[in-house]
Amino acid sequence: MGIEVKVEGLTKSFGRQNIWQDVSLTLPAGEVSVMLGPSGTGKTVFLKSLIGLLKPEHGRVLVNGVDMARSPERDIMEARKLFGLMFQDGALFGSMNLFDNIAFPLREHTKKKESEIRRIVMERIDAVGLLGSEGKLPGEISGGMRKRAGLARALVLDPQIILCDEPDSGLDPVRTAFISQLLIDLNTTTDATMLIVTHNLDIAATVPDNMGMLFRRHLVTFGPREVLLTSQEPVVSQFLTASKHGPIGMSEEKDEATLAAEASGGMVAPQPKALVPQLQPSPGLGERAAVARRRERVLGMLDTLPGTAQEAIRSSYGRQDVLAPTVTLPRRGGAS
Ligand SMILES: Nc1ncnc2c1ncn2[C@@H]1O[C@H](COP(=O)(O)OP(=O)(O)OP(=O)(O)O)[C@@H](O)[C@H]1O
């Protein structure tokens, strides 16, 4: 099973520019989480802080007992081996074919024989649907294929935590749907803890167990998907409905006068859309192990959530056992 990532009071600035402050959240072990936020709110900076590539001034990022912000570099390097990273552009070496690109971390960080490397690489290439393309250069394939190759490379060291930075950027809606399914299938087969940074509303609505959003240098919210997807918070509903009405402006946040003018001009604040069901794993893969764990965790915290989220959770899990907390919840494979 994947490893929990605990973020406590994280604050990051570059010189005098504060990116975000006092960010606290826990990525539950083996579950899929999404971080949303308008452009420039520091989502990539957040991912880089999780793996210790950037050092926040305050706070901690705890992974297996190591603080990725402050522990000795040797411990951070060791803990970093638990992570698989998929960057926006795939970050492939242009002069290497896909096989060598994907084999790179194995050749760099392990002493495995070439025959073993071939086995692992071909397995991962198959998992992301790129069999037959392993001899191609990154320049000879589409953006979607490059992303899948980047994902395959992120997987070769069997990471327990997978971070994906905008897996949908530059993809058409159909390719984005395939990537969404791939991410869910990946979670099913690996049970890794996953964090996906995205602007994509379809991914946000259908892939994660948990969601958060960064805005105005703060974490607006982080929790079970139902909390954010039913939120009445103006910035959240504006983002989720892709509306011009609300605190997010074109290049920066709107000022108070603009917001007041919108309100007096009769613009109707966007309402949250109806919740759509989460994606299921592809046929034959079985159920995600995260589903039963998440159900137990979320039902345990139900009382602490906003009313709209409670209602959504009750209806998605079926009212009866949710209303009767003494019922023992099935660990795996239970009706839900
Ligand atoms: N190494 C760095 N040095 C200085 N400033 C940086 C550095 N890295 C990022 N920034 C600044 O941090 C801010 C947040 O950047 P980041 O790329 O994390 O945003 P984002 O939310 O991922 O944006 P997008 O959704 O457009 O990818 C930006 O203003 C960026 O210029």
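Provided above is the structure to which this section pertains.
Remember, it's a predicted structure, so these values are computed and weren't measured experimentally.

Draft legend 1. Structural detail: the sheet that holds strand S10 (residues 218-224). Strand order across the open sheet formed by six strands is S6-S7-S8-S3-S9-S10, with mixed pairing between neighbours. Edge positions in the sheet fall to strand S6 (83-86) and S10, since each of these pairs with one other strand and no more. Taken pair by pair, the neighbouring strands of this sheet meet at an average axis angle of 15 degrees, ignoring direction. As paired strands, S6 and strand S7 (residues 161-165) are joined by four bridges and run parallel to one another. In the strand pairing of S7, Leu-85 is matched with Leu-163.

Draft legend 2. A look at the packing of helix H3 (residues 98-109) against helix H4 (residues 114-127). Remark: H3 packs on H4, axes separated minimally by 10 Å, with the N-to-C direction vectors making an angle of 125 degrees. With respect to H4, the axis of H3 lies oblique. In this structure, H3 meets H4 at a crossing whose hand is right-handed. Packed against H3, whose contacting residues are Phe-99, Ile-102, Ala-103, Leu-106 and Arg-107, the element H4 presents Ile-117, Ile-120, Val-121, Arg-124 and Ile-125 at the interface. Its residues placed into classes, the contact of H3 with H4 shows eight nonpolar, no polar and two charged.

Each value, and the rule that gives it
- Residues numbered from 1 in each chain as written.
- Predicted model: local features only at pLDDT ≥ 70, side-chain atom pairs only at ≥ 80, totals over all residues.
- Pairing = 2+ DSSP bridges.
- Helix = DSSP H or I, 4+ residues; strand = E, 2+ residues; numbered from the N terminus.
- Axes fitted to C-alpha atoms, helices over the stretch in contact; angles between N-to-C directions.
- Parallel < 35°, antiparallel > 145°, perpendicular 65-115°, else oblique.
- Left-handed = near helix turned anticlockwise from the far one by under 90°.
- Contact = placed C-beta atoms within 7 Å.
- Nonpolar A, V, L, I, M, F, W, Y, C, P; charged D, E, K, R; others polar.

Distances and angles like these do not, on their own, reveal function.
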